[in-house]
Amino acid sequence: MATKRAQTSETPSARRRFECPFCGSTSGASKEHVWAQWLHKTPAAQNLLDGYAGDRLKNVRGRVTLNQDDTYEVTPEFLPDVAPFLPKVTILVCTDCNRGWMSGLEEKAKSLLAPLIFDNRPVRLDRDDQRLLSAWAAKTFMAYAVTLGTQGNPFTPEDYEYLRLNRVPPAGMQIWVFSASSRWAEVGLQIEPFILHDESFRPDLHGMNSAVASLAAGGVVFLMMKLPPQMAQLAASLGPPAAGQWPQEITAGGTEIKLEPGELDEEYLDQVHRWQFSINQHTLPSPVGMTTDALDRLKEAHFAGVSTQALKEIRRGVLPEDAKTAAEQVQRAEMNAQSFIDAGDPVGAARLLTRATREHFYRGDFVGAARLAEGEVSIPSGGLEADPEAAYRIGQAYWNLGDPRGAGWYRRAIQLGMNHNHPRFGLVDSLMWGGNYAESLGELALISPADDHEVSVVFVAKAALSFLVEDLCISVQTRSAVPRDALTTLDHESLWKLLRGKDAISRPLWIKLGLAPRTVKFHLARAWFGCTADAWIMACLWLVHSGEDERLVPVLRLGLSKSLNLGLDGDEVLSVFEASGIDVTKVRHALDVARKARD
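Residues numbered from 1 in each chain as written. Predicted model: local features only at pLDDT ≥ 70, side-chain atom pairs only at ≥ 80, totals over all residues. Heavy atoms only, no water.

Draft legend 1. Inspection of the pattern of salt bridges at higher detail. Evaluation of the coordinates by the stated rule reveals 10 salt bridges. Glu260 is the salt-bridge partner of Lys258, the closest N and O atoms lying 3.9 Å from each other. (Salt bridge = Lys/Arg side-chain N within 4 Å of Asp/Glu carboxyl O.)

See the structure below:
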């Protein structure tokens, strides 16, 4: 997807030709704050900028190209440097746009929102007010997207021109608004671009074409979703979570709404974050290092609806990860951070490692991400020693590795004040992978599900863990943990020997549960990841046994949405259990109902 932004430079020192993203002008460059400058007076923004010295960070984005060997590679795209803190992030636009229509939008948006943001007074928004604020939010999102690079920006040159000429969001964009009492609603601007393409998509010719985003300012939050106009029918199923009448869509304006302080709370903001992250999970994995033929195989699986995790496995099959290159990049980042420390700037060192952590995490290098993240919190006076988000990042890196070391970092995030369910679920998983099933079950009991999806997850997890703790007599772990990979790769006999050696199971109990060596593997501890049909079926059999069978349909609906093969071989697994003398009538009926609901 071509854009009107300047082309990639070959070196950091190469000068970039200025071109206004909104009108294409090449003269009169000026700085535009993507998070409005009048919002800098909010208490949260002032606290964030206290002591800020105006430093800038290099903004280098990868751009996928196809080399002469028919292999996709990344070339650097050097964009204008950016500030480390959102309120100071700027982009270059022409003076005419900056002082003209953009300034006009800012003044009008300020007059509408200032009473609520600065004086905590409710505001009423009529149809015209809503349309104006939707244009202002669209301008903010589109300005910030310029910092994402040529292929990361989901907006086209036509989108920018349309907003400039019409003062309304471009086709395919929807804007919602609500107010919230939460630290997440004070200062924030986040865009999660993703791809909605047909099979003709090529990463060297096209970029992101869709996005979900959030803009927070002084307790007011705007949400945005942008889809290709030809795929507008997906909007209803991909939109943000609802909480009563909120959020209110304001894209085209509607009946008057009254926006009062703190309509929603942090729990809803957590749902919004999950919404943004969940949509981003459906993007195609990076094609870097793959040939066009290998990418075609990956795209075929992607458009067939294969899960993101399975796509990563397919990608690893056609392209072994270059661990050596990743390790070298980690070492380089650590050396650069040390130079900041030597210069007396530990905060700068911590920021650099945070940025590198995210880059490695999103590329799938979780080993490097964990190492860098642990480095950033260990820097004395780096500002992240007591940061719950930093501890959570480390837990997430280990979680993706199936490494039980994540448990300690999830606990730390919770102790430092991260109270939503994400770190708690991560803690449950990490304890489970470490073989601490009883403790994992105890932590799971402390989780208060926020919605039906989480209720189903908790029930499936309880089912799997209770099998392990109660029926399989794993109440105390006295030896080393069972490796996570072993649970998915060993055959029945080898696994039985492994578990017997860890005082985990007896052969009579194994047989009693009907775990036929020929067809069923030991996936109970991984049931709620939706990896295999037998895990879900066994979890549901436990629900029936424990009198919780009213949850069968939502649990199986969750399984159908997450599992690659539940819909395909669920009946086969049921037949195995039925042949072992287990009554599967309720589970079979619930599976049929869940399939009909899905289809």
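Draft legend 2. Structural detail: helix 3 (residues 101-119). Between its first and last C-alpha, helix 3 extends 27 Å over 19 residues, near the 27 Å set by a 1.5 Å rise per residue. Leu113 marks where helix 3 bends most, by close to 55 degrees; the proline Pro115 follows one to four residues later. Within the span of helix 3, buried status applies to Trp101, Met102, Leu105, Glu106, Ala109, Leu112, Leu113, Ala114, Pro115, Leu116 and Ile117. (Helix = DSSP H or I, 4+ residues; strand = E, 2+ residues; numbered from the N terminus. Expected span 1.5 Å × (residues − 1). Bend = angle between axes of the 7 residues up to and from the residue. Buried < 20%, exposed > 50% of the residue type's maximum accessible area, 1.4 Å probe, protein only.)

Draft legend 3. Summary view of unusual backbone geometry. In this chain, Trp246 is followed by Pro247 through a cis amide linkage whose omega measures -5 degrees. Structurally, Pro247 can be placed in the loop between helix 6 (235-238) and strand 10 (248-249). Even without a glycine there, the phi angle at Asn120 is positive, about 60 degrees. By secondary structure assignment, the location of Asn120 is in the loop between helix 3 and strand 5 (123-125).

Draft legend 4. Looking closely at the nonpolar core. Within the largest apolar cluster, 76 residues are counted, with the highest numbers of intra-cluster contacts made by Phe22, Leu133, Trp136, Phe141, Phe178 and Phe222. With 11 residues, helix 4 (residues 127-145) is the single largest residue contributor to this core. Apart from the residues lying within four places of it in its own chain, the contact partners of Phe141 are Phe155, Ile175, Leu189, Ile191, Ala213, Ser214, Leu215, Phe222 and Met224. (Core = buried A, V, L, I, M, F, W, Y, C linked by side-chain atoms within 4.5 Å. Contact = heavy atoms within 4.5 Å.)

Draft legend 5. Focus on the sheet that holds strand 10. What the 5 strands build is an open sheet, ordered 7-8-9-6-10; its pairing is antiparallel. With partners counted over all chains shown, the strands left at the sheet margins are strand 7 (187-194) and strand 10, one partner each. Across 8 bridges, strand 7 lies against strand 8 (residues 210-217) in antiparallel orientation. Residue pairing across strands places Ile191 opposite Ala213, the latter belonging to strand 8. (Pairing = 2+ DSSP bridges.)

Draft legend 6. Quick peek at the packing of aromatic side chains. Tallied over the full model, the rule gives 8 aromatic pairs. Ring geometry for Trp38 versus Trp136: centroids 6.3 Å apart, planes at 35 degrees, classification tilted. One end of the pair, Trp38, is in the loop between strand 1 (29-33) and helix 1 (43-49); the other, Trp136, is in helix 4, with 98 residues separating them in the sequence. Using a relative accessible area of 11% as the deciding quantity, one classes Trp38 as buried. Classification of Trp136 as buried rests on a relative accessible area of 1%. (Phe/Tyr/Trp six-rings, centres within 6.5 Å; stacked < 30°, edge-to-face > 60°.)

Draft legend 7. Highlighting the packing of helix 3 against helix 4. Interhelical geometry of helix 3 versus helix 4 gives an angle of 125 degrees and a closest axis separation of 9 Å. Classified by the angle their axes make, helix 3 and helix 4 are oblique. In this structure, helix 3 meets helix 4 at a crossing whose hand is left-handed. Side by side, helix 3 and helix 4 meet where Trp101, Met102, Leu105, Glu106, Lys108, Ala109, Leu112 and Leu113 of the first sit next to Asp129, Leu132, Leu133, Ala135, Trp136 and Lys139 of the second. Each residue belonging to the contact of helix 3 with helix 4 can be placed in one class, and the counts come to 10 nonpolar, no polar and 4 charged. (Axes fitted to C-alpha atoms, helices over the stretch in contact; angles between N-to-C directions. Parallel < 35°, antiparallel > 145°, perpendicular 65-115°, else oblique. Left-handed = near helix turned anticlockwise from the far one by under 90°. Nonpolar A, V, L, I, M, F, W, Y, C, P; charged D, E, K, R; others polar.)

Draft legend 8. Representation of helix 4. Between the first and last C-alpha of helix 4 there are 27 Å, a value that for 19 residues agrees with the 27 Å anticipated at 1.5 Å per step. Counting buried positions along helix 4 yields 16 of 19 residues, so the element is predominantly enclosed. The opening residue of helix 4, the one whose side-chain oxygen lies 3.1 Å from the backbone nitrogen of Asp128, is Asp126. (Polar contact = N/O pair within 3.5 Å; in protein donor to acceptor, adjacent residues only side chain to side chain.)

Draft legend 9. Spatial organisation of the packing of helix 13 (residues 388-401) against helix 14 (residues 406-415). For the pair helix 13 and helix 14, interaxial distance at closest approach is 8 Å and the crossing angle is 155 degrees. As the angle between them shows, helix 13 and helix 14 are arranged roughly antiparallel. For helix 13 against helix 14, the interelement crossing comes out left-handed. Contacts from Pro388, Ala391, Tyr392, Ile394, Gly395, Gln396, Tyr398 and Trp399 in helix 13 reach Gly406, Trp409, Tyr410, Arg412 and Ala413 in helix 14. A breakdown of the residues in the contact of helix 13 with helix 14 according to their chemical character gives 9 nonpolar, 3 polar and 1 charged.

Draft legend 10. Geometry of the side chain of Ser182. Structurally, the position occupied by Ser182 is in the loop between strand 6 (173-179) and strand 7. Side-chain polar atoms of Ser182 contact the backbone nitrogen of Trp184, separated by 3.0 Å. Leave out the neighbours within four places in its chain, and Ser182 touches Glu266 and Leu269.

Draft legend 11. Spatial organisation of the confidence of the model for the protein. On average, residues of the protein score 76 in pLDDT, and 68% of them are at 70 or above. In the model, residues 1-15 has pLDDT below 50 throughout and makes 41 contacts with residues more than four positions away in sequence or in other chains. (pLDDT = per-residue confidence, 0-100.)

Draft legend 12. Seen up close, the state of the cysteines. Within this structure, the stated rule accounts for 0 disulfides. With no disulfide of its own, Cys23 lies closest to Cys94 among cysteine sulfurs, the gap being 3.5 Å. Taking the relative accessible area as the measure of exposure, Cys23 reaches 25% and is therefore partly exposed. (Disulfide = S-S within 2.5 Å.)

Draft legend 13. The arrangement of the environment of Ala590 in detail. Structurally, Ala590 is set in helix 24 (residues 585-598). Once the C-alpha coordinates of Ala590 and Val553 are considered, the two residues, 37 residues apart in sequence, prove to be 5.1 Å apart.

Draft legend 14. View of the environment of Leu427. Counting through the fold element by element, Leu427 comes out in helix 15 (residues 421-433). Through-space distance from the C-alpha of Leu427 to that of Trp399 is 8.9 Å; in sequence the pair is 28 residues apart. Once you skip the residues sitting within four places of it in the chain, Leu427 turns out to touch Ala407, Tyr410, Arg411, Ile414 and Glu443.

Draft legend 15. Spatial organisation of a negative patch on the surface. Negative charge collects at one region of the surface, where Asp69, Asp70, Glu73 and Asp293 lie side by side. Tracing the sequence through the fold places Asp70 in the loop between strand 2 (57-66) and strand 3 (72-82). (Patch = residues over 30% accessible without salt bridge, like charges linked within 9 Å, V, L, I, M, F, W, Y side chains within 5 Å. Areas by Shrake-Rupley, 256 points an atom, 1.4 Å probe, with all protein chains shown as cover. Lys, Arg positive; Asp, Glu negative; His and termini not counted. Charge placed at Lys NZ, Arg CZ, Asp CG, Glu CD.)

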